[in-house]
Amino acid sequence: MIGYVESVINGILMGSIYGLTAVGLTLIFGVMKVINFAHGSILMVGMFAAYWFVTLTGVNPYLALFVVVPFLYFFGFYLQKFVIKPIFEAEKDIREPITVIIVTTGIWYVLDNLALLLFGAEFRVAKTVVSGQMLEIFDMYFLWSKIIGAGVTLLLGIYLYWFLRHSRMGKAVRATSLDREAATLMGIKQTRIYNIVFGLGCACCGVAACVLVPFYYVYPTVGVPFDIKAFVIVVLGGLGSVPGAILGGIIIGLIETVGAQFMAATWTEMLIYVFFLFVLFVKPSGLFGLKQDY
Amino acid sequence: MKFLLNQKPSNIGIAIGIIALLFAVPMFVSSPSVMQILILIIFYAYLTSCWNFVGGFAGVLPLGHSAFVGIGAYTSTTLYLTYGLSPWIGMFAGGIVAALMGILIGLPTLKLRGAYFALATIAFGEGLRVFVENVEKIGPLEIRGPKGLLINLTESSFAHFQFMSKVPYYYIILVMLLLVLLLTYIMMNSKIGYYLAAGGEEKDAAEALGIKVSRYKLIAMIISCFLTALGGTFYAQLMLYFYPKSVLGLELSYEIAFIALIGGRGTILGPVLGALLLRPVNELTRIYLSDSLPGLHLIIFGLVLIIVMRYQPRGLVEPVSRWIGMLKDRFSSKPAVKSGEAVTD
């Protein structure tokens, strides 16, 4: 019994970190209607940045947030400005930009293999003060780093929710997402909003990267499993919905850990896909999505 | 079918000339490794042409087509290994299984918008890969999980779809490609083709005119899945060994989509052009660079994609056909110059 409770809680903890990566994806999709296939690779870039920062300076891994998050924000900002925007412009009148999706896949190939070229294929572990530290409650053990990760997710989720609802910039972002033309007529610079949103989406990956580094391996293709989970989560929660992404993440985390209690871990991966297809067939708009979006 | 006969004689002549040239290639190439690369170029052109039915004409982005390559490879090979059934028959069994899967996956997803369809096909492809990697046996059929399937080489035999020489494989895949291209051509000029084009451009408007867009998309999906699975059987018999990642991997699905987009999706010759450009680059950079600089060949691959999409978002078939048109004008205008004057442009 204790085992199940432990796995449920662990599922929630890990799932909220999946949610963290999915938040960035859902933000970008919600505004630009583009699935960023390079999202996992950007997470990987963040993880390498955090890894090197922690390894070289030896400071607390959570201090890396102050370096990695701004770095990834500008990384995403300029990636959108110089690489994605020109292609996006060419097909901005089309409701579903397909070329842009494929171009983000190209960025994924370039980033992952650049990391392979620079750092090699080996798995790296960052040695930090929190690594391996456990919290014990009623014979159940939880990694502190996962608990902190879940806490950071919650804070970021609340902040983003507030940002989109109440800040001036957040309102501009939502306006652009609702109606590009009308927002432009109201004096909102659409391309600038896109740059900022892409930067913010990548910054979310930066947060996830710093939270992951104390307990997760870093290697060039680390983004791929997160990438595919993030796609699943985002559709599950409803494309464009921040609370949906976090809740979707927790559901996926639960399926993964609770499923692993009953079957081989490799099967849980399949369970996620089956569940995803099921949701897509039954309720394609997801938990919090709008009907018009699918 | 009248439109096939309504071509200009010069165009038909050029087409017959190119096809004759392609059939003559094995007479000039003796190296098996060069032959293998040529076969793979045609194979990828074939797969991408199959993808084109959905990805090109139906206006959606399928990113899980390796699933159907895998279904083709696994169906024919397990039937061959268990019951000794000739891969030629197994090929069509695989095609039918893939077509049924195509209906199953297409029926609910083809109604969805592009991004959702792309994600659903990824989930289907990846889910199938994980399934195959975890299963040793389905009933009496050996799958052997991640270890993959090995076909024992018996002898050169047409019935067993096994040849010592590469040449028969070359001819088989060439004929398969030509048939698919012909089918693409017929489809483009048929009612279904026009309906699909209308549905891809303006789904709501087409539906308002009474076109059941989803139904025609489904037809395209069935054709595409069936033909892709035939390609899977060919691959299995060519390599005689395959494993889940090689025929069901995400990489294969992406490469097919890449080739189509670089060549020009929704055109007849785009997939051929894309395969002709990308495959050699991929093979050569992999052979010469992957030992010393791992990953560089994929960086080049990604950069080529980004640059082509930046400057030729409709693919390279557009500028290339323009150049060919210019070349043709040059040739045809030459006899017109009768006096000894210099040709001035």
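Quick caveat: nothing in here was measured; it's all calculated off a predicted structure.

1. Focus: the nonpolar core
- Within the largest apolar cluster, 196 residues are counted, with the highest numbers of intra-cluster contacts made by Met32 and Phe37 of chain A together with Tyr46, Leu63 and Phe234 of chain B.
- Residue contacts for Phe37 of chain A: discarding those within four places in its chain leaves Ile101, Thr104, Thr105, Trp108, Asp227 and Phe231 of chain A together with Leu63, Ile122 and Tyr254 of chain B.

2. Topic: the packing of helix α3 (residues 65–90) of chain A against helix α14 (residues 296–311) of chain B
- Between α3 of chain A and α14 of chain B, whose axes approach to 9 Å, the crossing angle comes to 45°. As summarised for this structure, α3 of chain A and α14 of chain B are arranged oblique, according to the angle between their axes. Seen along the crossing, α3 of chain A lies across α14 of chain B with a hand that is left-handed. Across the interface between the two elements, Val83, Pro86 and Ile87 of chain A of α3 of chain A pack against Ile306, Met309 and Arg310 of chain B of α14 of chain B.
- Grouping the amino acids of the contact of α3 of chain A with α14 of chain B by side-chain chemistry returns five nonpolar, no polar and one charged.

3. Comments concerning the side chain of Thr153 of chain A
- Positionally, Thr153 of chain A belongs in helix α5 (residues 144–166).
- A residue is classified by how much of its surface remains accessible, and Thr153 of chain A, at 1% relative accessible area, is buried.

4. Considering the packing of aromatic side chains
Residue and element names in this part refer to chain B.
- Summed over all chains, the structure comprises 40 aromatic pairs over all chains.
- Seen in terms of ring centroids, Tyr74 and Phe242 are 5.0 Å apart; in terms of plane orientation they differ by 90°. Their pairing is edge-to-face. Here Tyr74, found in helix α4 (residues 66–83), pairs with Phe242, found in strand β4 (residues 241–242); they are 168 residues apart in sequence, far enough to count as distant.
- For Tyr74, a relative accessible area of 6% translates into the label buried.
- Ring geometry for Phe161 against Tyr169: centres 6.5 Å apart, planes inclined by 25°, an arrangement best described as stacked.
- Pairwise contacts between aromatic rings join Phe43, Tyr44, Trp88, Phe161, Phe163, Tyr169, Phe234 and Tyr235 into one cluster.
- Note that Arg279 overlies the ring of Tyr44, its terminal NZ or CZ placed 4.0 Å from the centroid.

5. A few points about the state of the cysteines
All names here are of chain A.
- Enumeration according to the criterion identifies zero disulfides over all chains in this entry.
- Considering cysteine sulfurs only, Cys202 is the nearest to Cys205, which forms no disulfide, with 6.2 Å between them.
- Not engaged in a disulfide, the cysteine Cys210 finds its nearest cysteine sulfur in Cys205; these two sulfurs lie 11 Å apart.

6. Describing empty space enclosed by the protein
- The tally for this structure, following the rule as stated, stands at two cavities of 30 Å³ or more.
- The space that makes up the second largest cavity amounts to roughly 40 Å³.
- Looking at the second largest cavity, the residues that line it are Ile228, Phe231, Val232, Tyr273 and Phe276 of chain A together with Leu119, Ile122 and Ala123 of chain B.
- Looking at the lining of the second largest cavity, the elements with two or more residues in it are α9 (223–237) and α11 (265–282) of chain A together with α6 (114–134) of chain B.

7. As for the interface of chain A and chain B
- Each partner contributes residues to the interface: chain A has 40 residues there, and chain B has 45 residues.
- Between chain A and chain B, the buried area comes to about 3,800 Å², and carbon and sulfur atoms account for 81% of it.
- Of all residues in chain A, Ile98, Ile102 and Tyr109 of chain A bury the most surface against chain B, accounting for 17% of the area lost on that side.
- One can count zero residue pairs in polar contact (both at pLDDT 80 or more) joining chain A with chain B.
- Counting residues per element, the ones that place at least two in the side of chain A that touches chain B are α3, α4 (98–119), α9 and α11 of chain A.
- No other element matches α4 of chain A, which puts 15 residues into the side of chain A that touches chain B.
- Considered class by class, the residues forming the side of chain A that touches chain B number 31 nonpolar, five polar and four charged.

8. Looking at the UniProt feature "transmembrane region" (unreviewed entry) in chain A
Residue and element names in this part refer to chain A.
- The positions that UniProt labels "transmembrane region" (unreviewed entry) are, in the present scheme, residues 12–30, 37–54, 60–79, 100–121, 141–164, 196–219, 231–255 and 262–282.
- For the annotated span residues 37–54, helix accounts for 89% and strand for 0% of the residues, and the straight-line distance between the end C-alpha atoms is 27 Å.
- The span residues 141–164 is 88% helical and 12% strand by assignment, and the distance between its end C-alpha atoms comes to 36 Å.

Parameters at a glance
- Residues numbered from 1 in each chain as written.
- Chains lettered and ligands numbered in written order.
- Predicted model: local features only at pLDDT ≥ 70, side-chain atom pairs only at ≥ 80, totals over all residues.
- Heavy atoms only, no water.
- Core = buried A, V, L, I, M, F, W, Y, C linked by side-chain atoms within 4.5 Å.
- Buried < 20%, exposed > 50% of the residue type's maximum accessible area, 1.4 Å probe, protein only.
- Contact = heavy atoms within 4.5 Å.
- Axes fitted to C-alpha atoms, helices over the stretch in contact; angles between N-to-C directions.
- Helix = DSSP H or I, 4+ residues; strand = E, 2+ residues; numbered from the N terminus.
- Parallel < 35°, antiparallel > 145°, perpendicular 65-115°, else oblique.
- Left-handed = near helix turned anticlockwise from the far one by under 90°.
- Nonpolar A, V, L, I, M, F, W, Y, C, P; charged D, E, K, R; others polar.
- Phe/Tyr/Trp six-rings, centres within 6.5 Å; stacked < 30°, edge-to-face > 60°.
- Lys NZ or Arg CZ within 6 Å of the ring centre and 35° of its normal.
- Disulfide = S-S within 2.5 Å.
- 1 Å grid on protein atoms, 1.4 Å probe; cavity = no way out; pocket = protein on both sides within 12 Å on 5 of 7 lines; lining within 4 Å.
- Points joined across faces, edges and corners; volume = space filled by probe spheres on them.
- Buried area = accessible area lost by both parts, 1.4 Å probe.
- Polar contact = N/O pair within 3.5 Å; in protein donor to acceptor, adjacent residues only side chain to side chain.
- UniProt positions renumbered as here; feature names shortened; annotations may be inferred.

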